Amino acid sequence: MQKYIVQGGRALHGEVRISGAKNAAVAIIPAALLVDGVCRIENIPQISDVTVLLKILERLGAGVRFLNTTDVEIDCTHVRTTHVPQDLAHRLRASYYLIGALLGRFGEAEVSMPGGCNFGGVRPIDQHVKGFAAMGAEVREGDYIVARAREGRMKGANVYLDVVSVGATMNIMMAAALAEGNTVIENAAKEPHIVDLANFLNSMGANIKGAGTDTIRVFGVDRLHGGTYAIIPDQIEAGTYMAAVAAAGGGILLRGIIPKHMDCITAKLQEMGVEVIEEDDTLLVRRRGRLMRANVKTLPYPGFPTDMQPQITVALSLAEGTSIVTEGVWDNRYRYVGELTRMGAQIHVEGRTAVVEGVSHLTGATVQAFDLRAGAAMVVAALAASGTSEILNVQYIERGYEDIIGKLRSLGAEIRSVEYEDEELVRRQIG
Ligand code: EPU
């Protein structure tokens, strides 16, 4: 296993290029299953979630060929299998997109229950299932989710989502792209990756209107053809580097971003006293003096993203005064707080609210990454803390951050990844 060792307390300086968006890539790769032809997808992030999804497509019979490190050609023309085996599917949450994509293309799907980051609470998919059912599919949930379009092909329908769900919105869009007739998704999610998936599908011949608003109309077409598409930059990766500068100090230039996607994060950091200057596709982020307190409430886009909640909380733990963080999307996303308090943070969690009393400094410690963003928060905290920190379970972090070690080192951070033996595992093996 790998762990990160961080010598903290060094300000960050330099430039960093932001990779393609994880949460767009993990939907667009399965969406290639809908395409009868070769999709060339550019700006793919090199992260383990992407590697696993590409392996799943290959197992299903797709041709997958990397043209360079970021561009891949996927040919799903000869895919015939609709059964996705458990060993790979359970490794990531986004495997649920295979259900919508396979249902859309073949009218059937058999996908083992998706795994992925567990925040300690339930991650239901009832809204996905409700959408598929409205479109004429019969869905059985067990170890596998088995879905079948009663008439062989999905049928357009009106779907009103009871909660704003990114996953359900994208999954229903995929199931609807090749459906007979038109689908309307109301109370749809509006995240940049929703628009990205719609743009990808439209560039392959789909007819989707309204993505980015709360009503999406999908006019079913008979076939999608091959084409080329470039994935948007990762809003959360960029936001994580911004939070790192806020917490550890310094000034960095983020390259290859869409500043508009960053507004919800930029506004909060500016409120905390961080200087953020945007140009065409860059952001200059600089901390000047002590951070100021702020309240944060996470909400669906364009609200403050839940996937930035742990990282901004680390920065707030070093701000002057008391901040209130409210998690408005997930029931339980504060498991990392215990780790952070061991580094000296003063945070009290009550339900979905965290009261953060700013402290003057954090101290290095050995901490765990409980999930992807909790892990990113541990990196941010370790960079800001004085002394040495060790971060365990970094496989979670590598699911979503491309070359985080290389990028941080290029900003002057002292961070390295070393192999270690899981003592518990060794004990069990010896025992
Ligand atoms: N929900 C339901 N029923 C559903 C689906 C969702 O009640 O059928 C609830 C959830 O329990 C949650 C809320 O709706 O309270 C929002 O969930 P959503 O469906 O939007 O989340 P998701 O699609 O499962 C994606 C990202 C998450 C990110 C959320 C919210 C992927 C693979 N995952 O999850 O990203 O937190 O949207 O923006 O795109 C991450 O990248 O670290 C991550 C966890």
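As the structure is a prediction and not an experimental result, all values here were calculated from the model. (Residues numbered from 1 in each chain as written. Predicted model: local features only at pLDDT ≥ 70, side-chain atom pairs only at ≥ 80, totals over all residues. Heavy atoms only, no water.)

A. Representation of the domain arrangement of the protein within the structure. Each domain of the protein was delimited in the assignment, giving domain 1 (2-19 + 233-430) and domain 2 (22-230). On a C-alpha basis, the centroid separation for the pair domain 1 and domain 2 is 30 Å. Facing the 21 residues of domain 1 at the interface are 23 residues of domain 2. At the junction of domain 1 and domain 2, the tally comes to one salt bridge. In this structure, Arg 399 engages Asp 49 in a salt bridge whose closest nitrogen and oxygen atoms are separated by 3.0 Å. The tally of links between domain 1 and domain 2 comes to five residue pairs in polar contact (both at pLDDT 80 or more). Taken together, the elements giving at least two residues each to the side of domain 1 that touches domain 2 come down to α12 (372-384) and α13 (395-398). (Domains from an automatic or database assignment. Contact = heavy atoms within 4.5 Å. Salt bridge = Lys/Arg side-chain N within 4 Å of Asp/Glu carboxyl O. Polar contact = N/O pair within 3.5 Å; in protein donor to acceptor, adjacent residues only side chain to side chain. Helix = DSSP H or I, 4+ residues; strand = E, 2+ residues; numbered from the N terminus.)

B. Geometry of empty space enclosed by the protein. Applying the stated criterion across every chain, the model contains one cavity of 30 Å³ or more. In this structure, the largest cavity spans a volume of roughly 40 Å³. Looking at the largest cavity, the residues that line it are Thr 240, Tyr 241, Ala 244, Ala 376, Val 379, Val 380, Leu 383, Ile 404 and Leu 408. Those elements giving two or more residues to the lining of the largest cavity turn out to be α8 (235-248), α12 and α14 (404-410). (1 Å grid on protein atoms, 1.4 Å probe; cavity = no way out; pocket = protein on both sides within 12 Å on 5 of 7 lines; lining within 4 Å. Points joined across faces, edges and corners; volume = space filled by probe spheres on them.)

C. Just the site of the ligand, in detail. In the neighbourhood of the ligand, 23 residues make up the surrounding shell, with Gln 127, Ser 165, Val 166, Asp 307 and Val 329 lying closest. For the ligand, a nitrogen atom lies 2.8 Å from a polar atom in the side chain of Asp 126. Look at the ligand: alone it shows 830 Å² of surface, and the protein chains cover 90% of it. If you count residues domain by domain, the shell around the ligand takes at least three from each of domain 1 (2-19 + 233-430) and domain 2 (22-230). (Near = heavy atom within 4 Å. Areas by Shrake-Rupley, 256 points an atom, 1.4 Å probe, with all protein chains shown as cover.)

D. Highlighting the pairing of strand β21 (residues 353-357). Burial along β21 is one-sided: Ala 354 and Val 356 are buried, and none of Thr 353, Val 355 and Glu 357, which face the opposite way, are. In terms of strand pairing, strand β19 (residues 322-326) meets β21 through five bridges, oriented antiparallel. In the sheet register, Thr 322 faces β21, and the bridge partner there is Glu 357. Alignment of strand β20 (residues 346-350) against β21, held across five bridges, turns out to be antiparallel. Each residue of the ladder has a partner; that of His 348, found in β21, is Val 355. In sequence, β20 turns back onto β21 through a hairpin of two residues, with Gly 351 there showing a positive phi of about 60°. (Buried < 20%, exposed > 50% of the residue type's maximum accessible area, 1.4 Å probe, protein only. Pairing = 2+ DSSP bridges.)

E. Structural view of helix α6 (residues 166-177). Compared with an ideal rise of 1.5 Å per residue, which puts 12 residues at 16 Å, α6 spans 17 Å between its outermost C-alpha atoms and is within 8% of the ideal. Of all 12 residues in α6, 11 are buried; the element is thus mostly enclosed. By the burial criterion, the buried members of α6 are Gly 167, Ala 168, Thr 169, Met 170, Asn 171, Ile 172, Met 173, Met 174, Ala 175, Ala 176 and Ala 177. Of the residues flanking the start of α6, the one acting as N-cap is Ser 165, its side-chain oxygen 3.5 Å from the backbone nitrogen of Gly 167. (Expected span 1.5 Å × (residues − 1).)

F. Here's a closer look at unusual backbone geometry. Going from Tyr 301 to Pro 302, the amide bond is cis rather than trans, its omega being 10°. Examined against the element boundaries, Pro 302 turns out to sit in the loop between β18 (296-297) and α10 (309-316). Positive phi outside glycine occurs at Asn 187, with the angle close to 60°. Along the polypeptide, Asn 187 turns up in the loop between β11 (182-186) and α7 (192-203). Residue Asn 187 is classed as partly exposed on the basis of its relative accessible area of 21%.

G. Region of interest: the packing of helix α1 (residues 22-31) against helix α4 (residues 97-106). With their axes 8 Å apart at the nearest point, α1 and α4 run at an angle of 25° to one another. Put simply, α1 runs roughly parallel to α4. Classified by chirality, the crossing of α4 by α1 is right-handed. The segment α1 lies against α4, with Val 26, Ala 27 and Pro 30 engaging Tyr 97, Leu 98 and Ala 101. (Axes fitted to C-alpha atoms, helices over the stretch in contact; angles between N-to-C directions. Parallel < 35°, antiparallel > 145°, perpendicular 65-115°, else oblique. Left-handed = near helix turned anticlockwise from the far one by under 90°.)

H. Fine view of α12. Taking 1.5 Å as the rise per residue, α12 with 13 residues should run 18 Å; its terminal C-alpha atoms sit 19 Å apart, in good agreement. With respect to burial, α12 is a largely interior element, 13 of its 13 residues being buried. The backbone nitrogen of Arg 373 has a side-chain oxygen 3.1 Å away, supplied by the residue at the start of α12, namely Asp 371.

I. Inspection of the packing of α8 against α12 at higher detail. One way to put it is that α8 packs onto α12 with a least axis distance of 8 Å and a crossing angle of 30°. When the interaxial angle is binned, α8 and α12 end up roughly parallel. Once α8 is placed against α12, the crossing between them reads as right-handed. Counted together, Ile 236, Thr 240, Ala 243, Ala 244, Ala 247 and Ala 248 of α8 and Arg 373, Ala 376, Val 380, Leu 383 and Ala 384 of α12 form the full contact between these two elements. Here the contact of α8 with α12 is built from residues that sort into nine nonpolar, one polar and one charged. (Nonpolar A, V, L, I, M, F, W, Y, C, P; charged D, E, K, R; others polar.)

J. Representation of the layout of surface pockets. Taken as a whole, the second largest pocket encloses approximately 160 Å³ of empty space. Looking at the second largest pocket, it is lined by 13 residues, and the ones nearest its centre are Ala 247, Arg 287, Leu 318, Ser 360 and Ala 384. Elements with a minimum of two residues in the lining of the second largest pocket: α8 and α12. In the lining of the second largest pocket, the residues fall into six nonpolar, four polar and three charged.

K. Summary view of the pairing of β19. Only one face of β19 is covered, namely the face carrying Ser 323 and Val 325; the face carrying Thr 322, Ile 324 and Thr 326 is uncovered. Bridge count for β18 against β19 is two bridges, and the pairing is parallel. Its bridge partner lying in β19, Lys 297 is registered against Thr 326. The parallel pair β18 and β19, bridged by α10, forms a crossover whose chirality is right-handed. (Right-handed = clockwise from strand over helix to strand, strands pointing away.)

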